[in-house]
Amino acid sequence: MAEASQDVRVDVDGRTLKISNLSKVMYPATGTTKGEVLSYYARVAPVLLPHLAGRAVTRIRWPHGTEEGQFFEKNVPNGVPDWVRTVTVPSSGSRGGGGDRIMFPVIETLADLTYFANLASLELHVHQWTVGRNGRPRNPNRMVVDLDPGAPAGLRECCAVALLVRERLADLGLTAAPVTSGSKGLHLYAALPGRLDPDGVRDLAQQVARDLTREHPDLVLWRMTKSLRGGKVFLDWSQNTGAKTTISPYSLRGRERPYVAAPRTWAEVEQGAEEGLAQLEMDEVLVRTDDRGDLFGQTLHPGE
């Protein structure tokens, strides 16, 4: 236990950070340590950070590993370094000034990412809007549709529905990017020009879900009622409301194994609709990013 409690000081992008408990096991099922988690985030940072930039980050922390309790953290913790950018926004995520306010961190550098990973912030969740230089939320620049399967439906059914959503979004002039969530389902993102506020984006996503439910009632569900989800894929349009967050692409998940919200190719999704698809772990994601770079950015913004 003494070894697990040792602290080391490291230089990250010119910032000196105290890193603790490198040998602590964070994922007991695989023996994955905190040091390996920090290494993952350092290696994946070049493709992760562009998708965190400008976004308020909610963290889910597992101080004692994923078999123990976790807690959500929206406000920055006590003692956060003054070089970490913070933004104070309404808890609703709206552009107005009323209601409770939350001081979020914005994770934009490797030093920022390392600081929060050292706090056992395994999961990084973000809104679909960014904050401007004035600290106020902008209109969302992307939409997300969360495909959540109800047993016995699984990822194969999610892939089949993802193809339907892709086609519907294409009819709207939107390009979709698929991400296996690292949990049960699959997320689809579409870049937006920023003309709609969060409620407008939510309504657009809901309309897509309603239309597909009407056309494929045995496979797709737009209503939130859990008792109706058996064997179907719920299209969760509500993730686009101003206060809601979704796991960031390339973030770890706090599951039994070090699964990742992993960007996928459409060829994989098409194959998955026929043969099934598996969630990916962090080592697999690192191989993919080393080989292919940022699949999410390439798909969300083709031709850039």
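Residues numbered from 1 in each chain as written. Predicted model: local features only at pLDDT ≥ 70, side-chain atom pairs only at ≥ 80, totals over all residues. Heavy atoms only, no water.

### A word on a nonpolar patch on the surface
On the surface, V8, V10 and L22 cluster together into a nonpolar patch covering about 180 Å² of accessible area. Looking at the secondary structure, you find V8 in strand β1 (residues 7-12). On the basis of relative accessibility, which here comes to 34%, the residue V8 falls in the partly exposed class. (Patch = residues over 30% accessible without salt bridge, like charges linked within 9 Å, V, L, I, M, F, W, Y side chains within 5 Å. Areas by Shrake-Rupley, 256 points an atom, 1.4 Å probe, with all protein chains shown as cover. Salt bridge = Lys/Arg side-chain N within 4 Å of Asp/Glu carboxyl O. Helix = DSSP H or I, 4+ residues; strand = E, 2+ residues; numbered from the N terminus. Buried < 20%, exposed > 50% of the residue type's maximum accessible area, 1.4 Å probe, protein only.)

### Side note on the nonpolar core
Counting 46 residues, the largest nonpolar core has Y40, Y41 and Y250 as its most contacted members. Sorting elements by how many residues they give to this core places helix α1 (residues 34-52) first, with ten residues. Discounting residues that sit within four places of it in the chain, Y40 has contacts with Y250, L252, V260, M282, V285 and L286. Membership of the second largest hydrophobic core comes to 30 residues, among which are C159, L212, V233 and W237. (Core = buried A, V, L, I, M, F, W, Y, C linked by side-chain atoms within 4.5 Å. Contact = heavy atoms within 4.5 Å.)

### A short note on the packing of α1 against helix α2 (residues 110-118)
Each pair of packed helices can be described by the angle between their axes along with the distance between the axes. Between α1 and α2, the shortest axis-to-axis distance is 10 Å and the interhelical angle comes to 150°. It follows from the interaxial angle that α1 and α2 lie roughly antiparallel. Seen from above, α1 lies across α2 with right-handed handedness. When α1 is examined against α2, the residues K34, L38, Y41, A42, A45, L48 and L49 are found in contact with a partner set consisting of L110, L113, T114, A117 and N118. Across the contact of α1 with α2, the residue classes tally to nine nonpolar, two polar and one charged. (Axes fitted to C-alpha atoms, helices over the stretch in contact; angles between N-to-C directions. Parallel < 35°, antiparallel > 145°, perpendicular 65-115°, else oblique. Left-handed = near helix turned anticlockwise from the far one by under 90°. Nonpolar A, V, L, I, M, F, W, Y, C, P; charged D, E, K, R; others polar.)

### Topic: the packing of aromatic side chains
Summed over the entire model, instances satisfying the criterion amount to three aromatic pairs. Taking the centre distance of 4.9 Å and the plane angle of 85° together, the rings of Y115 and F116 count as edge-to-face. We classify Y115 as buried; its relative accessible area is 13%. With 5.1 Å between their ring centres and 85° between their planes, Y189 and F296 make a pair best called edge-to-face. Taken as a pair, Y189 in strand β12 (residues 186-191) and F296 in helix α7 (residues 295-300) lie far apart in primary sequence, 107 residues in all. A relative accessible area of 0% places Y189 in the buried class. (Phe/Tyr/Trp six-rings, centres within 6.5 Å; stacked < 30°, edge-to-face > 60°.)

### Things to note about helix α5 (residues 266-275)
Within α5, the full set of buried residues consists of W266, E268, V269, G272 and A273. One side of α5 carries all its buried residues, which in axial view fall inside an arc of 150°. Projecting away from the buried face of α5 at angles above 90 degrees are the exposed residues A267, E274 and E275. Elements in contact with the buried residues of α5: α3 (155-171), β11 (176-180), β12, α6 (282-292) and α7. (Arc of directions from axis to C-beta.)

### A look at the side chain of H127
For H127, the position within the fold is in the loop between β9 (121-126) and β10 (142-149). A relative accessible area of 2% places H127 in the buried class. Apart from residues lying up to four places away in sequence, H127 is in contact with R55, A56, F104, R142, G242, A243, K244 and T245.

### Some thoughts on the packing of α3 against helix α4 (residues 198-215)
At a minimum axis distance of 11 Å, the contact between α3 and α4 shows a crossing angle of 125°. Judged on the interaxial angle alone, α4 and α3 are oblique. Between α3 and α4 the crossing geometry is right-handed. Listed contacts from α4 to L164, V165, R168 and L169 of α3 are V208, D211, L212 and E215. By residue class, the composition of the contact of α3 with α4 is five nonpolar, no polar and three charged.

### Describing unusual backbone geometry
With the exception of glycine, most residues fall at negative phi, and the peptide bonds are largely trans. Omega for the peptide link from A151 to P152 comes to 10°, which places this bond in the cis form. Counting through the fold element by element, P152 comes out in the loop between β10 and α3. Positive phi outside glycine occurs at N21, with the angle close to 55°. Structurally, N21 can be placed in the loop between β2 (15-20) and β3 (25-27). The exposure class assigned to N21 is buried, which follows from its relative accessible area of 19%. Of note in the backbone geometry, Y250 takes a positive phi value of approximately 80° without being a glycine.

Such coordinate-based values are descriptive only and should not be taken to indicate function.
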